[in-house]
Amino acid sequence: METVRLSNGVEMPQLGYGVYQVSPSECERCVSDAIGVGYRMIDTAQAYFNEEGVGNAVRKCGVPRNELFIVTKVWISNAGYERAKASIDESLRKLQTDYIDLLLIHQPFGDYYGTWRAMEEAYRAGKLRAIGVSNFYPDRFIDLAELSEIAPMVNQVETHVFNQQAEAQKIMQEYGTHIMSWGPFAEGRNNFFGNETLTGIGAKHGKSAAQVALRYLLQRGVIVIPKSVRHERMEQNLNVFDFNLSDEDMQAIRALDLGHSLFFSHYDPQTVKWLVQLGKSK
Ligand SMILES: NC(=O)c1ccc[n+]([C@@H]2O[C@H](COP(=O)([O-])OP(=O)(O)OC[C@H]3O[C@@H](n4cnc5c(N)ncnc54)[C@H](OP(=O)(O)O)[C@@H]3O)[C@@H](O)[C@H]2O)c1
């Protein structure tokens, strides 16, 4: 497995398995399958309500804990120093582990400075091996990176061939922050798996559109966490380290960028109100 080295020296697998929208009852089976197939990094979140399933699979899988890399995220209803601090212990309990490899702030709303201080403290105490953020677009990302003691080591943002985040990635690099993609397939939107550029390039390499899309992100240095509940797709999505996209392939895929979200904008006032309300409803 290829890894990236975070700013504090921690090695993180560049490809992992995401469990958003995997039901709590199915999560243990999915994560067990994923680990069996060869995934070593798992991405969950407090808001996915399936941290216990991840913890059960990790406990039972037979792979030493230090060979696995667990990522979870503090939800906005746990924003602020005291709540975030308590929620870190709650995540550790649900994940049935003494440490989390990477903890992210899920959304840049509420008292995320308080959250960050609680995370810096837990990082120094050895409960977290690395800390970062998610959905922090350049304005809020720069603000936090400039004004906190520890700059985020990772920023997980919507990143796929239709929303490539090249400018945001450059800004992250200035602060030693690695970009991590959520929704590497845009959850199939915009006829993702039938896109002719992706299928055409895939045909040359004997690969699917999904594999080409992941390979494109990997070659740009992006960390990826494709999600599938199906064993054969888990295998397919991991099988992306035995081919290379040419400069010409990369250029053709670069041209697919629409430069905007296929989900929702963090700059849209209605979206911001919706997320802030979610944070209030504990
Ligand atoms: N930080 C955030 O705010 C945030 C937001 C969204 C997601 N995430 C993280 O990012 C991870 C990935 O994003 P995502 O789950 O939203 O979506 P995604 O990985 O872009 O797409 C998943 C969808 O693609 C299908 N699929 C997977 N592999 C396929 C393949 N090889 N061929 C055809 N279809 C395939 C899956 O169906 P099946 O399952 O039926 O195979 C599922 O419908 C999440 O699980 C989560 O960990 C984070």
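Summary of the structure given here. (Residues numbered from 1 in each chain as written. Predicted model: local features only at pLDDT ≥ 70, side-chain atom pairs only at ≥ 80, totals over all residues. Heavy atoms only, no water.)

Contact geometry for helix α2 (residues 51-60) and helix α3 (residues 81-95): axes closest at 7 Å, N-to-C directions at 45°. Looking at the two axes, α2 sits oblique to α3. Across the interface between the two elements, Glu51, Glu52, Val54 and Gly55 of α2 pack against Ser91, Lys94 and Leu95 of α3. Broken down by class, the residue content of the contact of α2 with α3 amounts to 2 nonpolar, 2 polar and 3 charged. (Axes fitted to C-alpha atoms, helices over the stretch in contact; angles between N-to-C directions. Helix = DSSP H or I, 4+ residues; strand = E, 2+ residues; numbered from the N terminus. Parallel < 35°, antiparallel > 145°, perpendicular 65-115°, else oblique. Contact = heavy atoms within 4.5 Å. Nonpolar A, V, L, I, M, F, W, Y, C, P; charged D, E, K, R; others polar.)

What follows deals with the sheet that holds strand β8 (residues 154-158). In spatial order, the strands read β3-β4-β5-β6-β7-β8-β9; together these 7 strands make up an open sheet with parallel pairing. The sheet terminates laterally at β3 (17-18) and β9 (178-182), the two strands that pair on one side only. Pairing of strand β7 (residues 131-134) with β8 involves 2 bridges; the strand directions are parallel. Pairing of Val133 across the sheet is with Asn155, part of β8. (Pairing = 2+ DSSP bridges.)

Taken together, 27 residues lie near the ligand, and Asp43, Phe185, Glu187, Ser228 and Arg233 sit nearest. The separation between an oxygen atom of the ligand and a polar side-chain atom of Asp43 is 2.6 Å. Side-chain polar atom of Arg233 to an oxygen atom of the ligand: 2.8 Å apart, as the coordinates give it. When the ligand sits alone it has 910 Å² of accessible area, and the protein chains cover 89% of it. Here the shell around the ligand takes 3 residues from helix α9 (residues 231-238), the largest share from any one element. (Near = heavy atom within 4 Å. Polar contact = N/O pair within 3.5 Å; in protein donor to acceptor, adjacent residues only side chain to side chain. Areas by Shrake-Rupley, 256 points an atom, 1.4 Å probe, with all protein chains shown as cover.)

Turning our eyes to something else, we now look at the pattern of salt bridges. Throughout the structure, instances matching the rule amount to 15 salt bridges. Among the ionic pairs, Lys94 bridges to Glu90, the shortest N-O distance being 3.8 Å. Note that Lys94 and Glu90 are positioned in helix α3 at a spacing of 4 residues, about one turn of the helix. By relative accessible area, Lys94 is classed as partly exposed at 22%. A single salt-bridge network, built from bridges that share partners, covers Glu26, Arg29 and Asp33. (Salt bridge = Lys/Arg side-chain N within 4 Å of Asp/Glu carboxyl O. Buried < 20%, exposed > 50% of the residue type's maximum accessible area, 1.4 Å probe, protein only.)

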